[in-house]
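Geometric and topological summary
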Amino acid sequence: MAERISTPSRTKEIIEANSFAFKKNFGQNFLIDSNILDNIASCAGVTKDDCVLEIGPGIGSLTQVLAENARQVVAVEIDSTLIPILRQTLADYDNIEILNQDILKTDIDAIIQEKNGGRPIKVVANLPYYITTPIIMDLLENERHVDSITVMVQKEVAERMQAGPKDKEYGALSVAVQYYCDANLDMIVQPSCFMPRPKVASAVITLKVLPERKVKTADEKLFFHIVKCAFGQRRKTLMNCLFNLGNLGFSKEELTEILQSLGWDERIRGEALGLEEFAALTDCIAERKAKKS
């Protein structure tokens, strides 16, 4: 087993030897606690049968641990200045492929097909705040062949993924994650475990992608359109959000009638609705649209 990258002294040594400068726009914070890295691999359930997609490997601290547990690791790093560093730090491993790409422009389906014969892979990542939601939504909404997603994110983002109706953190991300996955908050990670130290605590959360959706709806695309509209103007009522943002072809009176037909007050807000209610609303709107056309 190679020397661990993830100690404070080794991380500092690598950074200084390569004159590496942290880039705020990439949200770079490297983990310097080996126990947490081992726990992430454990929470992800990585075994020698697995192909793992890692997003944002940094200098390779987590990549190293994943490679020791997985059959293969494909690490996608957007920062070109980190590529030569990764080739140095991970030189002892023959089961790692490093790609210098933007994950949101990467053909993930092609990686799954080529590296894992189309079978579901596991995604593991230490994600910066700015890209967390776009990546999670891409993996879920585009139905990539993913078994699970284990990510280090800001603590408040992890809490948002688990939040329920009427919670302050509840929103479109909460609904999407819970529609596709079972979510488990694995651990809280303090700023002292990173270099440089972030200003807020982080959390590791595992999203286990379900073989079937938790609710059935007549039109999944319409379902998510309604969800995004419902949280698009948080201070407004659901009816106003649907009218202002929905482009559904209904007047305010017709939307009020739809809500009342479901037994809801016309002043109800989006954050009061759970998965079942959003599905019921979607089906009702789909039915009314079909009758109008």
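Check the entry above for the structure.
Residues numbered from 1 in each chain as written. Predicted model: local features only at pLDDT ≥ 70, side-chain atom pairs only at ≥ 80, totals over all residues. Heavy atoms only, no water.

Quick look at the overall build of the chain now. Helix and strand content of the chain: 12 helices and 9 strands. By its C-alpha atoms, the chain is 65 × 40 × 30 Å across when sized along the principal axes. Within the chain, the fraction of its 293 residues that count as buried is 53%. Intrachain contacts of the chain at a sequence separation of at least 6 include 66% that bridge at least 24 residues. When the accessible surface of the chain is summed, it comes to about 13800 Å², and 47% of that surface belongs to carbon and sulfur atoms. Taking the average place of the 35 positive charges on the side chains of the chain and the average place of its 41 negative ones, the gap between the two points comes to 5 Å. (Helix = DSSP H or I, 4+ residues; strand = E, 2+ residues; numbered from the N terminus. Buried < 20%, exposed > 50% of the residue type's maximum accessible area, 1.4 Å probe, protein only. Contact = heavy atoms within 4.5 Å. Areas by Shrake-Rupley, 256 points an atom, 1.4 Å probe, with all protein chains shown as cover. Lys, Arg positive; Asp, Glu negative; His and termini not counted. Charge placed at Lys NZ, Arg CZ, Asp CG, Glu CD.)

For the rest of this paragraph, the subject is the environment of lysine 168. Among the structural elements, lysine 168 can be located in the loop between helix 7 (155-162) and helix 8 (172-180). Since its relative accessible area comes to 75%, lysine 168 is described here as exposed. Each C-alpha atom of the pair lysine 168 and glutamate 271 lies 8.5 Å from the other, and the pair is 103 residues apart in sequence.

This part is about the pairing of strand 6 (residues 146-154). Of all the 9 residues making up strand 6, 7 are buried; the element is thus mostly covered by neighbouring parts of the structure. For the crossover that starts at strand 5 (residues 121-126), traverses helix 6 (residues 129-141) and ends in the parallel strand 6, the hand is right-handed. (Right-handed = clockwise from strand over helix to strand, strands pointing away.)

Another point: helix 1 (residues 8-17). Listed as buried for helix 1 are Arg10, Thr11, Ile14 and Ile15. Angular distribution of buried residues about the axis of helix 1 spans 135 degrees; they occupy a single face of the element. Of the exposed residues in helix 1, those oriented more than 90 degrees away from the buried face are Ser9, Glu16 and Ala17. Among the structural elements, strand 1 (30-31), helix 4 (83-89) and strand 8 (194-195) are those in contact with the buried residues of helix 1. Directly after helix 1, the chain includes serine 19, whose backbone phi takes a positive value near 50 degrees. (Arc of directions from axis to C-beta.)

Attention now goes to the packing of helix 6 against helix 7. Orientation of helix 6 relative to helix 7, taken along the N-to-C sense of each, is 25 degrees, at an axis distance of 10 Å. As judged from the angle between their axes, helix 6 and helix 7 are roughly parallel. The two elements helix 6 and helix 7 meet at a crossing, and its hand is right-handed. Counted together, Tyr129, Thr132 and Ile136 of helix 6 and Glu156, Val157, Arg160 and Met161 of helix 7 form the full contact between these two elements. (Axes fitted to C-alpha atoms, helices over the stretch in contact; angles between N-to-C directions. Parallel < 35°, antiparallel > 145°, perpendicular 65-115°, else oblique. Left-handed = near helix turned anticlockwise from the far one by under 90°.)

The 7 strands lie next to each other as 4-3-2-5-6-9-7, forming an open sheet whose pairing is mixed. Every interior strand has two partners, whereas the edge strands, strand 4 (96-99) and strand 7 (181-189), have only one. Across the sheet, the axes of successive neighbouring strands diverge by a mean angle of 15 degrees, strand direction being ignored. Here strand 7 runs beside strand 9 (residues 202-209); their pairing, made up of 8 bridges, is antiparallel. Directly across from methionine 187, in strand 9, lies its bridge partner valine 204. Each of strand 2 (51-55), strand 5, strand 6, strand 7 and strand 9 is contacted by helix 6, which is oriented at about 165 degrees to strand 6, the strand it contacts most. Contacts from helix 8 reach strand 7 and strand 9, with the element oriented near 120 degrees to strand 7. (Pairing = 2+ DSSP bridges.)

Bringing unusual backbone geometry into the picture now. For the bond from methionine 195 to proline 196, the omega torsion is -10 degrees, close enough to zero to count as cis. Of note, lysine 166 is a non-glycine position whose phi angle comes to about 75 degrees, a positive value. Within the fold, lysine 166 resides in the loop between helix 7 and helix 8. Unusually for a residue other than glycine, asparagine 247 sits at a positive phi of about 50 degrees. Checked against the element boundaries, asparagine 247 lands in the loop between helix 10 (238-245) and helix 11 (252-261).

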